[in-house]
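# What the coordinates show
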Amino acid sequence: MTHEILKGLAFVQEKGGLFYEEVRYLLIRPETLMAFQKGIEKEIGERASQILFRSGFEGGSLSSKRYREVFGLSDEEIVHFMLEMGTQIGWGRFELERFDPIEKRIDAKVFHSPFAEAYGSSASPVCHLIRGVLAGMASILFRKQFEGKEVLCLAKGDKYCRFEIM
């Protein structure tokens, strides 16, 4: 595997930022994000997962639009590009199980989710940001709103995280 996405990241000194095709990215430890997630879960309960989901959704939809415009990618190419980007920027190893534009469905596995690993043991799925990114991407591609489900999660003791976006 080549690391073309990583090679395309550029540090812009005057902005103090890391950019890919003029889109800013941020390096942050997963433990920092999971401390935030646990904090808002403690404060507001179940609504926290929806807030995190919506945050990921925003990033997934913006990125999908951007990469369609910049690269002229087809819907299927956007899916492959976004999953490869997720892998290369450290969100775990993404594997596409299913892309079905007729049924408007995307199923993906994520091995070694940094969110699940940093969260620790949980009775319920914790990778709300990834679920949001995938649903945001699907919403742009299929032109309808998606929520999606994380049906397996490493934090629950599963071997990997699995997402069904339909």
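Description of the structure in this document. (Residues numbered from 1 in each chain as written. Predicted model: local features only at pLDDT ≥ 70, side-chain atom pairs only at ≥ 80, totals over all residues. Heavy atoms only, no water.)

### A look at the sheet that holds strand β1 (residues 10-12)
Strands pair in a sheet through their backbones, by hydrogen bonds, and they do so in one of two ways: parallel or antiparallel. Ordered in space as β1-β2-β3, the 3 strands form an open sheet in which the pairing is antiparallel. Sheet topology places β1 and β3 (23-25) at the edges, where each strand pairs with a single neighbour. Neighbouring strand axes in the sheet, compared pairwise and without regard to direction, differ in orientation by 45° on average. Note: strand β2 (residues 17-20) against β3, 3 bridges, orientation antiparallel. For phenylalanine 19, the partnering residue across the bridge sits in β3 and is arginine 24. Running at roughly 135° to β3, helix α3 (residues 47-71) makes contact with β2 and β3 of the sheet. (Pairing = 2+ DSSP bridges. Helix = DSSP H or I, 4+ residues; strand = E, 2+ residues; numbered from the N terminus. Axes fitted to C-alpha atoms, helices over the stretch in contact; angles between N-to-C directions. Contact = heavy atoms within 4.5 Å.)

### Overview of the nonpolar core
Counting residues in hydrophobic clusters, the biggest one holds 38 residues, and the most contacted among them are Ile106 and Cys127. Those elements that place two or more of their residues in this core are α3, α4 (75-88), β4 (93-100), β5 (105-111), α5 (114-119), α6 (128-142) and β7 (161-165). Sorting elements by how many residues they give to this core places α6 first, with 8 residues. Beyond its immediate sequence surroundings of up to four residues, cysteine 127 is in contact with Ser113, Phe115, Ala116, Glu150, Cys153, Cys161 and Phe163. (Core = buried A, V, L, I, M, F, W, Y, C linked by side-chain atoms within 4.5 Å. Buried < 20%, exposed > 50% of the residue type's maximum accessible area, 1.4 Å probe, protein only.)

### Describing the layout of surface pockets
A water-sized probe rolled over the atoms picks out the places where empty space is left. When its volume is computed, the largest pocket comes out at roughly 960 Å³. Elements that contribute at least two residues to the lining of the largest pocket include exactly β3, α2 (30-44), α3, α4, α5 and α6. Class assignment for the residues of the lining of the largest pocket results in 25 nonpolar, 8 polar and 3 charged. What the second largest pocket holds in volume is close to 210 Å³. (1 Å grid on protein atoms, 1.4 Å probe; cavity = no way out; pocket = protein on both sides within 12 Å on 5 of 7 lines; lining within 4 Å. Points joined across faces, edges and corners; volume = space filled by probe spheres on them. Nonpolar A, V, L, I, M, F, W, Y, C, P; charged D, E, K, R; others polar.)

### So, the side chain of serine 113
By secondary structure assignment, the location of serine 113 is in the loop between β5 and α5. A distance of 3.2 Å separates a polar side-chain atom of serine 113 from the backbone nitrogen of alanine 116. Setting aside anything within four residues of it in sequence, one finds serine 113 in contact with Trp91, Cys127, Ile130, Leu154 and Cys161. (Polar contact = N/O pair within 3.5 Å; in protein donor to acceptor, adjacent residues only side chain to side chain.)

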